[in-house]
Amino acid sequence: MGRLGIWPNKNKKDAPDDVAGVVERAYRLILGRSADPDGAAWYQQQLGSGALSLPEMCAALASSEEFTRLVTAERRPVEPAGNGNGNGNGNGNGNGNGNGNGGTPHDPDWIDVTELVKTVSVEELAERAEGYFRAVADPELLLTKPFGDLTETPALLVTFGQVLNGLRPLPGMRVLDFGAGTCWTSRFLTQLGCEVVALDVSPTALDLGRRLFEDVPVLGDKPAPEFLVYDGHRIDLPDASVDRILSFDAFHHVPNPAEVLREMARVLRPGGIAAFSEPGDRHSIQPQSQYEMRNFGIIENDVVIEDVWTWAAEAGFVELRLCLLDSNPTWVDIESFNDVVAGREKADIFSGPTRSAISDRRMFWLRRDGVEVADSREAKGLVAELALDDVAIDGAVITGTCRVHNPGPRVWLPSDAEFGAVNLGVRLHLGDRTVRDLVRIPLPGRGIQPGEGAVFPVRVEVPAQPEGIVAVEFDLISEGVCWFSVGGSPVVKLPLP
């Protein structure tokens, strides 16, 4: 198509740091496609020389005939946009947002995803997904994901990290990895200590997932994953049997999203979270999406968040939150960075690129109705009141009565819990200014609820240390999580002569 008509430049501005990236994002945000070579080259030259400002370039794109067609014809595909190869972020058999050729309304190969959904059954799509994985002669690229393709790796890791932040999994939680594919996300969740159920419509993909766990085993004593074949309709798990659900580039492949969300709500425990990383609301017209649908017959649906929320609310979810994130951030000089920190940056430095990025990606989480009890497997909110009464020091033996009270919002799990067990920890402060763990003292009972406490006797034998002992410190600890004093809780510190 080449360059579009422009407005005359009245106020020259400094060129953005990443001119090519800015031009590409502007095209994607405004026209829903990649920049064609002629247009990209021309706008990069104009921005780089200062002959054209970024707002003026955006205004030119928005005043074009192409943009007018887009806003006046629902779901109408864009015109051809040159050649290029897209790189997807899919977790299983699908891919993310690609770059390159667009289609036209008159292109005989053009696929309208809404029509594709009408003409293919869930069972047929499941078989096509299975066929996709069966046809892979060398699965190495799939098994090395997210490190198999350097062009994908940064975005996959950044996106996964943010979705993980929204998912908030804790050690010991049962997590359903929906559309797990070859299970790289399942392996990460298992390494975090989660009890993972890897779910996919393709038995072959899950077999590759088993191979991944065998070839690259997780470290430590972690729960073994479960591999579960999905029929596309019902998740073969009991009601309220999982704490979390992850969908990493999988939900946009389903032709029955409302039914899927009902199933997710059914298997989630009250207050549980389902977190998603999916493409945006113009995904189906992207070149890579058209390629996947044309060659493999799979669904590459648009993710319209308003529709998702309608279905989710009907299914029993009560809250939705979206992530504002640019997974391909802008790199700037120190002056521009300080401007952003101080809130005085230009719109095209920070908010503009971020706004463009989120147009192509929907990261969000849904919370099911009900209340999830917070416990000591998470550091935030772990606070304690701690006192040691009737202290006596007889040589190397310290005795006394310990009083603990839980003023915070989290249940302290019992001292024999597998994850997040709360104990009284004793540490030695040595003359060389180092600290060494000495012993753990279990708390009585089966955990301590918010507002409750416990009283119990303490007896500690202090062994001699070559460095010399300066003091003995008593502090509560959630095992594998943190010492309570990290969050500001007071400790009892007994100086020794």
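Residues numbered from 1 in each chain as written. Predicted model: local features only at pLDDT ≥ 70, side-chain atom pairs only at ≥ 80, totals over all residues. Heavy atoms only, no water.

Caption draft 1: Focus on helix 12 (residues 287-296). Those residues of helix 12 not exposed but buried are Pro 287, Gln 288, Ser 289, Gln 290, Glu 292 and Met 293. The inward-facing, buried residues of helix 12 abut helix 5 (113-119). Just downstream of helix 12, Gly 297 is the residue with a positive phi angle, here 70 degrees. (Buried < 20%, exposed > 50% of the residue type's maximum accessible area, 1.4 Å probe, protein only. Helix = DSSP H or I, 4+ residues; strand = E, 2+ residues; numbered from the N terminus. Contact = heavy atoms within 4.5 Å.)

Caption draft 2: The arrangement of the nonpolar core in detail. Core analysis: the largest hydrophobic core is formed by 30 residues, its most contacted members being Leu 176, Phe 178, Ile 245 and Phe 317. When contributions to this core are tallied by element, the ones reaching two or more residues are strand 1 (174-178), strand 2 (195-200), strand 4 (242-248), helix 11 (257-267), strand 5 (268-279), helix 13 (305-315), strand 6 (317-322) and strand 7 (361-368). The biggest single contributor to this core is helix 11, with five residues. Counting 29 residues, the second largest nonpolar core, distinct from the first, contains Val 404, Val 422, Ile 441 and Leu 494. (Core = buried A, V, L, I, M, F, W, Y, C linked by side-chain atoms within 4.5 Å.)

Caption draft 3: Just the sheet that holds strand 9 (residues 397-405), in detail. The strand order across the open sheet formed by three strands is 8-9-12, and the pairing between neighbours is antiparallel. A strand with exactly one partner marks an edge of an open sheet, and here the two such strands are strand 8 (385-394) and strand 12 (453-461). Strand after strand, the sheet turns through a mean of 15 degrees between neighbouring axes, direction not considered. As defined by bridge partners, strand 9 adjoins strand 12 across nine bridges and the pair is classed as antiparallel. In the strand pairing of strand 12, Cys 402 is matched with Phe 456. (Pairing = 2+ DSSP bridges. Axes fitted to C-alpha atoms, helices over the stretch in contact; angles between N-to-C directions.)

Caption draft 4: Representation of the environment of Asn 301 in the model. In this structure, Asn 301 sits in the loop between helix 12 and helix 13. Between the C-alpha atoms of Asn 301 and Val 113, which are 188 residues apart in sequence, the distance is 6.3 Å. Leave out the neighbours within four places in its chain, and Asn 301 touches Val 113, Val 117, His 252, Val 254, Pro 279 and His 283.

Caption draft 5: Here's a closer look at the pattern of salt bridges. Evaluated as defined, the whole model comprises 28 salt bridges. In this structure, the salt-bridge partner of Arg 210 is Asp 207, at a minimum N-O distance of 2.7 Å. Taken together, the positions of Arg 210 and Asp 207, both in helix 10 (residues 203-215) and three residues apart, correspond to about one turn of that helix. By relative accessible area, which is 34% here, Arg 210 ends up partly exposed. Among the ionic pairs, Arg 266 bridges to Glu 263, the shortest N-O distance being 2.9 Å. Highlighted residues: Arg 266 and Glu 263, both in helix 11, separated by three residues, approximately one helical turn. Taken as a pair, Arg 266 and Glu 263 share a single burial class, namely buried. (Salt bridge = Lys/Arg side-chain N within 4 Å of Asp/Glu carboxyl O.)

Caption draft 6: Region of interest: the side chain of Glu 300. Tracing the backbone shows Glu 300 in the loop between helix 12 and helix 13. Of the buried charged residues, Glu 300 lacks a salt bridge, with Arg 361 as the closest side chain of opposite charge at 8.9 Å. A polar contact of 3.2 Å, which involves the side chain of Glu 300, links it to the side chain of His 252. (Lys, Arg positive; Asp, Glu negative; His and termini not counted. Polar contact = N/O pair within 3.5 Å; in protein donor to acceptor, adjacent residues only side chain to side chain.)

Caption draft 7: Focus on the pairing of strand 1. Taking burial as the measure, the five residues of strand 1 include five buried ones, the bulk of the element. Taking every second residue as pointing to the same face, both faces of strand 1 are buried, with Arg 174, Leu 176 and Phe 178 on one and Val 175 and Asp 177 on the other. Pairing between strand 1 and strand 2: five bridges, direction parallel. Its bridge partner being in strand 2, Val 175 is matched across the sheet by Val 196.

Caption draft 8: Up close: a nonpolar patch on the surface. A surface patch of nonpolar side chains, amounting to about 280 Å² of accessible area, comprises Val 332, Phe 337 and Val 341. Here Phe 337 lies in helix 14 (residues 334-342). (Patch = residues over 30% accessible without salt bridge, like charges linked within 9 Å, V, L, I, M, F, W, Y side chains within 5 Å. Areas by Shrake-Rupley, 256 points an atom, 1.4 Å probe, with all protein chains shown as cover.)

Caption draft 9: Fine view of unusual backbone geometry. Pro 146 follows Lys 145 through a cis peptide bond whose omega is 10 degrees. For Ala 240, which is not glycine, the phi torsion reads 50 degrees and is therefore positive. By secondary structure assignment, the location of Ala 240 is in the loop between strand 3 (226-229) and strand 4. The backbone phi angle of Asp 249 is positive, close to 55 degrees, even though this residue is not glycine. On the basis of relative accessible area, Asp 249 is assigned to the buried category, the value being 0%.

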